[in-house]
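Coordinate analysis (summary)
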Amino acid sequence: MTHTKVLVPTMGALHAGHLSLIEIGKQYSREIVVSIFVNPLQFEDPQDLAKYPRSVESDSQQALLAGATQIWAPTVEEIYPDQVSVIDSGVIGRKFEGVGREGHFDGVLTVVDRLFKHVQPTHAVFGEKDFQQLFIIKKWAKKSKLGIEIISAPVIRDVDGLALSSRNVRLGADDRKTALVISRALRQATHERSVESARDRLHDVLASEPGFELDYAEIINEDNFEPATSARKSRALVAGWVNGVRLLDNMQMSASVIA
Ligand code: PAF
C-alpha cells in the first residue's frame, strides 16, 4: 500500500466541525497531521486578527483525542521566514468573500501552499462551510498539479441549525437567535422549485430579521461559481453580520427539488 498522510489545516479554536474533518481524514490514512496556525495574511482587519480566539493547548488535546497523530502549531516566522510571494487566487478570489476582504484568498492559498510544502500530505481535508475557499483550493491544487487529493467535508450544524464556526463564541444568546435566520433562509430557499424563486426566498427570509446585516446572498453554480441558471449542482451562499460578528453559511439546492 502506498504511504498516505492527511493534513487537516486549521486556525485553532477547534469545534465539532474541525473534529469531523479529522474523522473524515481517518478514512484516507492512519497518519493525520492537524496544523494550528492563525494566518495573518488572510486577515485584512488587524482587529479581527487580534480578536481571533487562540487556544493551542486545548485544541491539541481535542485533536489528539479525535484521532490526530501529530499537531503542528508553527510560529509566524516558521511559516513566513522570507519575503512572502503571494499566490493569486484569480477572479473567483475577488468575488463574494473576496469583495470586502481584499487579498483574503491570496492569503489562504499562500499559507496552504506553505503548509503543504512542510507537511507533504497525500490528502488534505477542508470544510464545505467555507465553500468558496474549498472551490479555490481545489482549482489551484488541480492547476498546480500538486498531486494532493483535496477532500471536502460537509457543514456541521448545532441542533438549532447554526453552522459551527469559531466565531460563534462571540454571539450572545439574542444574537444567536438572530443568526438562526441564516440557516432558516437557506433551508427554505433550497427547497424552492427554481433558482429564481430560491433567490427571492433567500432574500425575503433574510430581510425579515432586522438584526441581521446582509453582505451577500446568491445561488451559484458549483462548477464555476457564477450565478446559477439552473438548480442542478447549485448552492445557496449567505454572508452577513450579527452584532458585529461575521457569519457565513451555504447549502446545496435540495436533491428532491432537482429530481
Ligand atoms: O479555513 C481555515 O481555517 C483557514 O482558512 C485555513 C484553510 C486553515 C488556512 O489558514
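Described in the following lines is the structure provided in the data block. Here the structure is a predicted model, which is why all the values come from computation and not from measurement.

**Quick look at the site of the ligand**
Residues in close proximity to the ligand include Pro 9, Thr 10, Met 11, Gln 42, Val 111, Phe 126, Asp 130 and Gln 133, which together make up its full environment. Within the side chain of Gln 42, an N or O atom sits 2.6 Å from an oxygen atom of the ligand. For the ligand, the protein covers 90% of the area, taking 290 Å² as the surface of the free molecule. Applying the majority rule of atoms within 2 Å of the grid points places the ligand in the largest cavity. When its residues are assigned to classes, the shell around the ligand shows four nonpolar, three polar and one charged.

**Quick look at the pairing of strand β8 (residues 245–252)**
Of all eight residues that make up β8, seven are buried, and the element is covered over most of its length. The antiparallel pairing of strand β7 (residues 234–242) with β8 creates a hairpin that spans two residues between the two strands, and Asn 243 there sits at a positive phi of about 50°.

**Focus on the packing of aromatic side chains**
Tallied over the entire structure, the rule returns seven aromatic pairs. Ring centres of Phe 43 and Tyr 52 lie 5.5 Å apart, and the angle between their planes is 75°; on these two criteria the pair is classed as edge-to-face. Residue Phe 43 is classed as buried on the basis of its relative accessible area of 11%. By the ring-pair criterion, three or more aromatic residues cluster together here, those being Phe 96, Phe 131, Phe 135, Tyr 216 and Phe 225. The ring of Trp 241 carries Arg 246 above its face, with NZ or CZ at 5.1 Å from the centroid.

What counts and how
Residues numbered from 1 in each chain as written. Predicted model: local features only at pLDDT ≥ 70, side-chain atom pairs only at ≥ 80, totals over all residues. Heavy atoms only, no water. Near = heavy atom within 4 Å. Polar contact = N/O pair within 3.5 Å; in protein donor to acceptor, adjacent residues only side chain to side chain. Areas by Shrake-Rupley, 256 points an atom, 1.4 Å probe, with all protein chains shown as cover. 1 Å grid on protein atoms, 1.4 Å probe; cavity = no way out; pocket = protein on both sides within 12 Å on 5 of 7 lines; lining within 4 Å. Sits in = over half its atoms within 2 Å of the grid points. Nonpolar A, V, L, I, M, F, W, Y, C, P; charged D, E, K, R; others polar. Buried < 20%, exposed > 50% of the residue type's maximum accessible area, 1.4 Å probe, protein only. Helix = DSSP H or I, 4+ residues; strand = E, 2+ residues; numbered from the N terminus. Pairing = 2+ DSSP bridges. Phe/Tyr/Trp six-rings, centres within 6.5 Å; stacked < 30°, edge-to-face > 60°. Lys NZ or Arg CZ within 6 Å of the ring centre and 35° of its normal.

Keep in mind that these numbers describe shape and distance, not what the molecule does.
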